[in-house]
Amino acid sequence: MNKKVLIIKGSSRKDSFTNQLWQEAIETISNIEVIVYDACSEKFNFCNGCNYCEDNGKCVHRDLDDFYETFENASADSIIVGNNSGSVSISQEENCKKI
């Protein structure tokens, strides 16, 4: 059985050093199925605190549906999350995306 890895890229600039590193890593991985989700290519709404998710199990905005589908269908053995390290933490924008 082949191993699968889900890579969640979080760098907001397409030509960033972080994305260059991701591309090199993806190209060198062998014998592993790689599924890439580029979080910054999506437009997510910030949480408005409505608590819809508490009652319904999903966001009222429905903008994370593609991510959830990718995540669930990947059945990955490993998940790698990468983000630029300008502030040595995930950015507020990424944090609000709940990724």
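Right above here is the structure, for reference.
No experiment lies behind these values; they were computed from the predicted model shown. (Residues numbered from 1 in each chain as written. Predicted model: local features only at pLDDT ≥ 70, side-chain atom pairs only at ≥ 80, totals over all residues. Heavy atoms only, no water.)

S.K.: Mind showing me how you'd approach a nonpolar patch on the surface here?
M.R.: Residues F71, I79 and V81 make up a contiguous nonpolar surface patch of roughly 270 Å² in combined accessible area. Checked against the element boundaries, I79 lands in strand β3 (residues 78-82). On the accessibility criterion, I79 (44% relative accessible area) is partly exposed. (Patch = residues over 30% accessible without salt bridge, like charges linked within 9 Å, V, L, I, M, F, W, Y side chains within 5 Å. Areas by Shrake-Rupley, 256 points an atom, 1.4 Å probe, with all protein chains shown as cover. Salt bridge = Lys/Arg side-chain N within 4 Å of Asp/Glu carboxyl O. Helix = DSSP H or I, 4+ residues; strand = E, 2+ residues; numbered from the N terminus. Buried < 20%, exposed > 50% of the residue type's maximum accessible area, 1.4 Å probe, protein only.)

S.K.: Before we go on, may I ask you to explain the sheet that holds strand β2 (residues 32-38) in this structure?
M.R.: The pairing of strands in a sheet comes from backbone hydrogen bonds and takes either a parallel or an antiparallel form. The strand order across the open sheet built from three strands is β2-β1-β3, with neighbouring strands paired in parallel fashion. Looking at the sheet topology across the chains shown, the edges are occupied by β2 and β3. On average, adjacent strands in this sheet sit at an angle of 20 degrees to one another, irrespective of strand direction. The sheet contact formed by strand β1 (residues 3-9) and β2 spans seven bridges and is parallel. (Pairing = 2+ DSSP bridges. Axes fitted to C-alpha atoms, helices over the stretch in contact; angles between N-to-C directions.)

S.K.: Looking at this model, I keep getting lost on the environment of I35. Mind explaining?
M.R.: With respect to the secondary-structure elements, I35 resides in strand β2. For the pair formed by I35 and F71, sequence separation is 36 residues and the distance between their alpha carbons is 9.4 Å. When neighbours within four sequence positions are excluded, I35 is seen to be in contact with K4, V5, L6, I7, T70 and A74. (Contact = heavy atoms within 4.5 Å.)

S.K.: What should I look at first to understand the pattern of salt bridges in this one?
M.R.: Side-chain pairing between opposite charges can occur once the charged atoms of the two side chains come close. All told, the structure shown has one salt bridge when counted by the stated rule. One salt bridge in this structure joins R62 and D65, with 2.8 Å as the shortest N-O distance. With a relative accessible area of 25%, D65 lands in the partly exposed category.

S.K.: How should unusual backbone geometry be read in this particular structure?
M.R.: Of all residues except glycine, most have a negative phi; of all peptide bonds, most are trans. Of note in this structure, N31 is not a glycine but carries a positive phi near 65 degrees. If you trace the backbone, N31 turns up in the loop between α1 (17-28) and β2. Even without being glycine, N51 reaches a positive phi, approximately 65 degrees. You can see N51 is positioned in the loop between β2 and α2 (52-56).

S.K.: Sorry, what's going on with the environment of N2 here?
M.R.: Note that N2 resides in the segment before β1. Taking C-alpha positions, N2 is 7.0 Å from N31, a pair spaced 29 residues apart along the chain.

S.K.: It is not clear to me how the nonpolar core should be interpreted in this structure. Could you clarify?
M.R.: Side chains of a nonpolar character, in soluble globular proteins, are inclined to be buried together. Residues L6, I8, I35, Y37, A39, F44, L64, F67 and A74 constitute the largest nonpolar core, which totals nine residues. At the level of secondary structure, the elements contributing two or more residues to this core comprise β1, β2 and α3 (65-74). (Core = buried A, V, L, I, M, F, W, Y, C linked by side-chain atoms within 4.5 Å.)

S.K.: Hey, could you run me through the pairing of β1 in this one?
M.R.: Looking along a regular strand, one sees side chains alternate from face to face of the sheet. Burial analysis of β1 places five of its seven residues in the buried class, which makes it a mostly covered element. Crossover handedness for the path β1 to α1 to β2: right-handed. (Right-handed = clockwise from strand over helix to strand, strands pointing away.)

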